[in-house]
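Chain by chain, the residues:
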Amino acid sequence: IHSGPGRAEEADPKLEGKPVSQWVQQLRSENRGLQLRAAMALAEAPEPLRPAIVPKFLPVLHSDRENNKLVAAQVLGEYGPAARSAAPELLPLLKGTQFERNRAAAAKALGQILKDAAPSEEVEKVTQALIDALEDNYSDVCRKAVTACGMIGPAAKAVIPHLPRRLGVSALPSYRRRWRRSA
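Everything quoted here is computed from the prediction, not taken from an experiment.

Asks: It is not clear to me how the environment of glycine 80 should be interpreted in this structure. Could you clarify?
Replies: Secondary-structure assignment places glycine 80 in the loop between helix 5 (66–79) and helix 6 (87–90). A C-alpha to C-alpha distance of 7.1 Å links glycine 80 and leucine 114, two positions 34 residues apart in sequence. Apart from residues lying up to four places away in sequence, glycine 80 is in contact with Gln112 and Ile113.

Structure (structure tokens):
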């Protein structure tokens, strides 16, 4: 994994000898093996390169192929806070007619990206979207939304009143303790 000193290479850094743009193109492959290989290479990109790679991913989140959206959300989640610019692009995946695994992956990625985030308007918007996701018919989406709020931490405390209705009262005390300690 390296990036070269030239301007063209800085604009399109290389991973394992291949430009990032080629890995992103491969991520859209219908060949699942090639797609997974690209996802692994991109997920393992060195942290200093990740903020430059994120914008190259955003078009993949708008793909017509549901599997492309899933893989892109998973890789962006692996980037954590370095992918913060992608948070608004992940919000639409929490709703709509997408496959439930895409909604779950988007929720998880949002939690990873906003992990321990300070309160902000953006975090409030994401938290509200995750609260809305608690009404999803698929339990995995609900679980990932709750986990994402837990990863975000005290800035997502608006979720607390919504937990008993969806999860049952037994889940509430542990979340309250975590957020009190963190506040």
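Asks: Even after reading the chapter, I still don't get the packing of helix 7 (residues 100–113) against helix 9 (residues 139–152), so can you show me in this structure?
Replies: It is the contact of helix 7 with helix 9, at a shortest axis distance of 7 Å, that shows an interaxial angle of 5°. As far as their axial angle goes, helix 9 and helix 7 are roughly parallel. Residues Glu100, Arg103, Ala104, Ala107, Lys108, Leu110, Gly111 and Gln112 of helix 7 pack against Asp140, Val141, Lys144, Ala145, Ala148, Met151 and Ile152 of helix 9. Residues belonging to the contact of helix 7 with helix 9 are distributed by class as follows: 8 nonpolar, 2 polar and 5 charged.

Asks: Where do I start with the nonpolar core in this structure?
Replies: Leu42, Ile53, Phe57, Tyr79 and Leu130 are the most contacted members of the largest nonpolar core, which has 58 residues in total. Secondary-structure elements contributing two or more residues to this core are helix 2 (20–27), helix 3 (32–43), helix 4 (50–61), helix 5, helix 6, helix 7, helix 8 (121–133) and helix 9. Dropping the residues within four chain positions of it, phenylalanine 57 is found in contact with Leu27, Leu42, Ala72, Val75, Leu76 and Tyr79.

Asks: Sorry, what's going on with the pattern of salt bridges here?
Replies: Any two side chains of opposite charge can pair, on the condition that their charged atoms come close. Applying the stated criterion to the full structure yields 6 salt bridges. For aspartate 116, the salt bridge identified is with lysine 115, shortest N-O distance 3.7 Å. With a closest N to O distance of 3.5 Å, arginine 143 and aspartate 140 form a salt bridge. With a gap of 3 residues between them, arginine 143 and aspartate 140 both fall in helix 9, about one helical turn apart. The class for aspartate 140 is partly exposed, based on a relative accessible area of 32%.

Asks: What is the right way to look at the packing of helix 8 against helix 9 in this model?
Replies: Two packed helices can be described by the angle between their axes and the distance between those axes. Closest axis-to-axis distance for the helix 8/helix 9 pair is 8 Å, and the angle between their directions is 155°. When the interaxial angle is binned, helix 8 and helix 9 end up roughly antiparallel. Helix 8 and helix 9 meet at a crossing whose hand is left-handed. Residue-level contacts link Val123, Val126, Leu130 and Ala133 of helix 8 to Val141, Cys142, Ala145, Ala148, Cys149 and Ile152 of helix 9. Taken together, the residues of the contact of helix 8 with helix 9 break down into 10 nonpolar, no polar and no charged.

What counts and what doesn't
Residues numbered from 1 in each chain as written. Predicted model: local features only at pLDDT ≥ 70, side-chain atom pairs only at ≥ 80, totals over all residues. Heavy atoms only, no water. Helix = DSSP H or I, 4+ residues; strand = E, 2+ residues; numbered from the N terminus. Contact = heavy atoms within 4.5 Å. Axes fitted to C-alpha atoms, helices over the stretch in contact; angles between N-to-C directions. Parallel < 35°, antiparallel > 145°, perpendicular 65-115°, else oblique. Nonpolar A, V, L, I, M, F, W, Y, C, P; charged D, E, K, R; others polar. Core = buried A, V, L, I, M, F, W, Y, C linked by side-chain atoms within 4.5 Å. Buried < 20%, exposed > 50% of the residue type's maximum accessible area, 1.4 Å probe, protein only. Salt bridge = Lys/Arg side-chain N within 4 Å of Asp/Glu carboxyl O. Left-handed = near helix turned anticlockwise from the far one by under 90°.

The analysis is restricted to geometry; functional conclusions fall outside its scope.
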